[in-house]
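Structure assessment
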Amino acid sequence: MAGLCAALAAARCGARTVLMHERPVLGGNASGECRVHICGADQHGARPDARETGIIEELLLKNLAVNPQRSYSVWDTVLYEAARYQRNLSLLLNCSCHSARVDGARIASVTGWQLTTQKTIEVEAQLFADCSGDGIAAPIAGAEARRGREGRDEFGESLAPQTPDDKTMGMSCLFCARPTDRPQPFTPPAWAYTFEKPEDLPHRRPGNLECGYWWIELGGDGDSIADTEETRDELLRIVYGIWDHLKNHGDYGAENWVLDWVQFLPGKRESRRLVGDHLLCQADIESGGRFPDTVAYGGWSMDQHPPGGFWHSGRPAEFGEVPDVYGIPLRSLYSRNVENLWMAGRNASCTHVGMSSTRVMGTGALMGQAIGTAAACAAGKGLTPRECSSGQAIRSIQQRLMADDCYLPGLRRDFGDLTRRAALSASTGDPEPLRDGVNRQVHQDDHSWHGRPGDWIECRWDSPQEIRSVTVAFDSNLSGQISLSYHSPGNRCTSTPEELAKEFSIQAEIDGQWRPVHSEDDNRLRFRTLTFDDVKASAIRLVPQATHGSEEVRVFTLAVNEPPPESFE
Ligand SMILES: Cc1cc2nc3c(=O)[nH]c(=O)nc-3n(C[C@H](O)[C@H](O)[C@H](O)COP(=O)(O)OP(=O)(O)OC[C@H]3O[C@@H](n4cnc5c(N)ncnc54)[C@H](O)[C@@H]3O)c2cc1C
């Protein structure tokens, strides 16, 4: 998700971009090949109003609109469509990056082998981003990297082991199963492990039958890159052993269930972390990470798994509390020694403890959007990633991210002239929060206008203005869980959130008359920028006419002729 969001952001911000991706489907661990559900700072909805916005929110809401049946192939298609039909973006699927041409401290090109065409493809570029999870830029371009766990003293991390080691978290193979209407026998393969009684699985309780168990995990004791093939073999022995246990060695209600899918490409949690100018650590996370170059945020707990994984007799994970969302600096998202290299996702510059929180995919997606946006800025201005982390460049990047509906803790968006000068009014309620620069509720601060369907909000100027665009951020309930998951729906949303505005119109006052200039009857997205040709109006109104179910409608942003405050092109 980090790489996809990076590529989309760069392309949308005007940079000609290539996404080289080694698999047939996008999304990494979130794809149909691995089926890990995307989590983030909201900790499964436990932290209110904390869900990630920006590109990841757009993709998840699009998925809800077309995929109520919760099909991973449909989700794969949502991601494919986003990349394949994005202007400025060339998508190279099935293309595995295996080498780089390095010129001094810079990467000049990277080369990949495309499985389907048997072509070797070399891509030359000004800037590169490594979002490969395993940090491919380390072996092929000499990017400085770390592996394993820092000792407690190096960064003062109480959650780190006393002494450093080279162990990591492991990798997993999940499975999916489905119920049928009659008993279904299961004979395990001869090579599967046998778990006869629950005591064979200490601290590990098979619960839901639908989507496998994250604690079927191995590989942290060895080399989580070089040993992957052997580790997969062992994981499959455990997966089939657990399914045998559920079917044949206890009362789990699994009699009518059948295995539907088994993950053959292990999903990885940890291997290399590329080193940037800053290594995000436990103290940064606990103190809220207020950096001058904050470009993303996290909030998942510091969730460390023992390297022994499944065979570790203690608990399969230890959770360190993260008191609030925390900022992630741009300095953790570019390489310290390779001058034109960005990184995002689990290979970003963090300590082991730091990445135990940042590794979730909602957070990775935000880092990705941040480096894609920053890369477009750097390309447009001829800057290195390091030069983007201070001065006017970082302010432009932060403002552009917020203009694209990203939330940056502690920062506010600046609006352009027309939004600032408008006299705001509304048929009900106070509309001023719409331009306070914060696009979501933060603790008790509402930052929104509330009304009922049919109410309106107005921006008025002293004289007619040329209206080129109107940008709106509606409420999509950032406390809800909307990512695709095979877990029982429970409190997960499997269709468009009911809070979201379904029908709305934009009206313009032209020569003293109100005229509709845009209307929609089935909106499914939170963040909309509507563009206009030839509209000169003394006022505009947003009229939300219906929601997807709620009685109240809520809007966080209403802006005119935005973004970008500053274009990178
Ligand atoms: C079983 C399991 C459960 C987890 N649970 C959760 C969870 O519930 N929620 C959550 O958010 N996170 C969870 N995680 C963690 C999360 O999945 C990872 O930390 C996350 O996938 C990292 O994202 P990424 O984008 O950095 O890397 P990845 O998702 O690994 O994506 C990297 C992409 O780069 C591609 N790539 C790699 N090398 C190359 C190359 N040389 N050339 C071209 N392309 C390449 C890969 O094919 C892949 O698509 C879990 C992980 C596991 C294994």
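Above this text sits the structure in question.
What counts and what doesn't
- Residues numbered from 1 in each chain as written.
- Predicted model: local features only at pLDDT ≥ 70, side-chain atom pairs only at ≥ 80, totals over all residues.
- Heavy atoms only, no water.
- Pairing = 2+ DSSP bridges.
- Helix = DSSP H or I, 4+ residues; strand = E, 2+ residues; numbered from the N terminus.
- Axes fitted to C-alpha atoms, helices over the stretch in contact; angles between N-to-C directions.
- Buried < 20%, exposed > 50% of the residue type's maximum accessible area, 1.4 Å probe, protein only.
- Salt bridge = Lys/Arg side-chain N within 4 Å of Asp/Glu carboxyl O.
- Phe/Tyr/Trp six-rings, centres within 6.5 Å; stacked < 30°, edge-to-face > 60°.
- Expected span 1.5 Å × (residues − 1).
- Contact = heavy atoms within 4.5 Å.
- Parallel < 35°, antiparallel > 145°, perpendicular 65-115°, else oblique.
- Nonpolar A, V, L, I, M, F, W, Y, C, P; charged D, E, K, R; others polar.
- Polar contact = N/O pair within 3.5 Å; in protein donor to acceptor, adjacent residues only side chain to side chain.
- Near = heavy atom within 4 Å.

1. Here we look at the sheet that holds strand β3 (residues 95-103)
Ordered in space as β3-β4-β5, the three strands form an open sheet in which the pairing is antiparallel. Strands with a single pairing partner mark the edges of an open sheet, and in this sheet they are β3 and β5 (119-124). For this sheet, the mean inter-axis angle between neighbouring strands, taken without regard to orientation, is 25°. Sheet topology places strand β4 (residues 106-114) next to β5; six bridges connect them, and they run antiparallel. Directly across from Ser109, in β5, lies its bridge partner Glu124.

2. Side note on the pairing of strand β17 (residues 326-329)
Both faces of β17 are covered, namely the face carrying Tyr326 and Ile328 and the face carrying Gly327 and Pro329. Pairing geometry for strand β14 (residues 294-298) and β17, over four bridges, is antiparallel. Looking across to β17, one finds that Ala296 is bridged to Ile328.

3. A short note on the pattern of salt bridges
Across all of its chains, the model carries 40 salt bridges by this definition. The partner of Glu150 in a salt bridge is Arg146, and the shortest N-O contact between them spans 3.0 Å. By relative accessible area, which is 4% here, Glu150 ends up buried. With relative accessibility at 24%, the residue Arg146 sits in the partly exposed group. Connected through shared salt-bridge partners, Arg146, Glu150, Glu154, Glu270 and Arg273 make up one network.

4. Regarding the packing of aromatic side chains
Counted under the stated rule, the structure contains 16 aromatic pairs. On the basis of an interplanar angle of 70° and a centroid distance of 5.0 Å, the ring pair of Tyr72 and Tyr486 is categorised as edge-to-face. With Tyr72 in helix α3 (residues 72-84) and Tyr486 in the loop between β21 (457-474) and β22 (501-510), the pair connects residues that are 414 residues apart, well separated along the chain. By relative accessible area, which is 22% here, Tyr486 ends up partly exposed. Seen from their ring centres, Tyr334 and Trp342 are 6.4 Å apart, and the 90° between their planes marks the pair as edge-to-face. Of the two residues, Tyr334 and Trp342, neither departs from the other in class, the shared state being buried.

5. With respect to helix α9 (residues 391-403)
When the terminal C-alpha atoms of α9 are compared, their 19 Å separation across 13 residues agrees well with the 18 Å that a helix rising 1.5 Å per residue should span. Burial within α9 is extensive, with 10 of its 13 residues counted as buried. All of the buried residues in α9 are Ala393, Ile394, Ser396, Ile397, Gln398, Gln399, Arg400, Leu401, Met402 and Ala403. Looking at the buried positions of α9, the neighbouring elements they touch are α1 (2-12), β14, α8 (361-381) and β24 (527-547). Once α9 ends, the next one or two residues include Asp405, with phi positive near 75°.

6. Quick notes on the environment of Leu418
Residue position: Leu418 is located in helix α10 (residues 417-421). Taking the C-alpha atoms as reference, Leu418 lies 45 Å from Val353; in sequence the two are 65 residues apart. Once you skip the residues sitting within four places of it in the chain, Leu418 turns out to touch Trp461, Gln465, Glu466, Ile467, Val560 and Asn561.

7. Some details on the packing of α1 against helix α2 (residues 55-66)
Running from N to C, α1 and α2 point in directions that differ by 110°, and their axes come no closer than 10 Å. On the basis of their axis angle, the class for α1 and α2 is roughly perpendicular. In this structure, α1 uses Leu4, Cys5, Leu8, Ala9 and Arg12 to contact α2, whose residues at the interface are Ile55, Glu58 and Leu59. In terms of residue class, the contact of α1 with α2 is made up of six nonpolar, no polar and two charged.

8. Here's the deal with the environment of Gln282
Inspection of the secondary structure puts Gln282 in helix α6 (residues 282-286). Sequence separation of Gln282 and Leu59 is 223 residues, and the distance between their C-alpha atoms is 30 Å. At 2.9 Å, the side chain of Gln282 forms a polar contact with the side chain of Ser158.

9. Here we look at unusual backbone geometry
Its identity is not glycine, yet His44 carries a phi of approximately 60°, on the positive side. Relative to the assigned elements, His44 resides in the loop between β1 (17-20) and α2. A residue is classified by how much of its surface remains accessible, and His44, at 34% relative accessible area, is partly exposed. One non-glycine residue, Asn94, adopts positive backbone phi at about 55°. Mapped onto the secondary structure, Asn94 falls in the loop between β2 (89-92) and β3.

10. Some points on helix α5 (residues 228-248)
The first and last C-alpha atoms of α5 sit 29 Å apart over 21 residues, in line with the 30 Å expected at 1.5 Å per residue. α5 sits mainly inside the fold: 15 of its 21 residues count as buried.

11. Looking at the site of the ligand
If you check the shell around the ligand, you find 28 residues, and the closest are His21, His37, Arg346, Arg359 and Met361. Between the ligand and Arg346 there is a distance of 2.8 Å, counted from an oxygen atom to a backbone nitrogen or oxygen. For the ligand, an oxygen atom lies 2.7 Å from a polar atom in the backbone of Met361. Those elements that place two or more of their residues in the shell around the ligand are β3 and β12 (267-268). If one sorts the elements of the shell around the ligand by residue count, β3 sits on top with three residues. Counted by class, the shell around the ligand contains 12 nonpolar, 10 polar and six charged residues.

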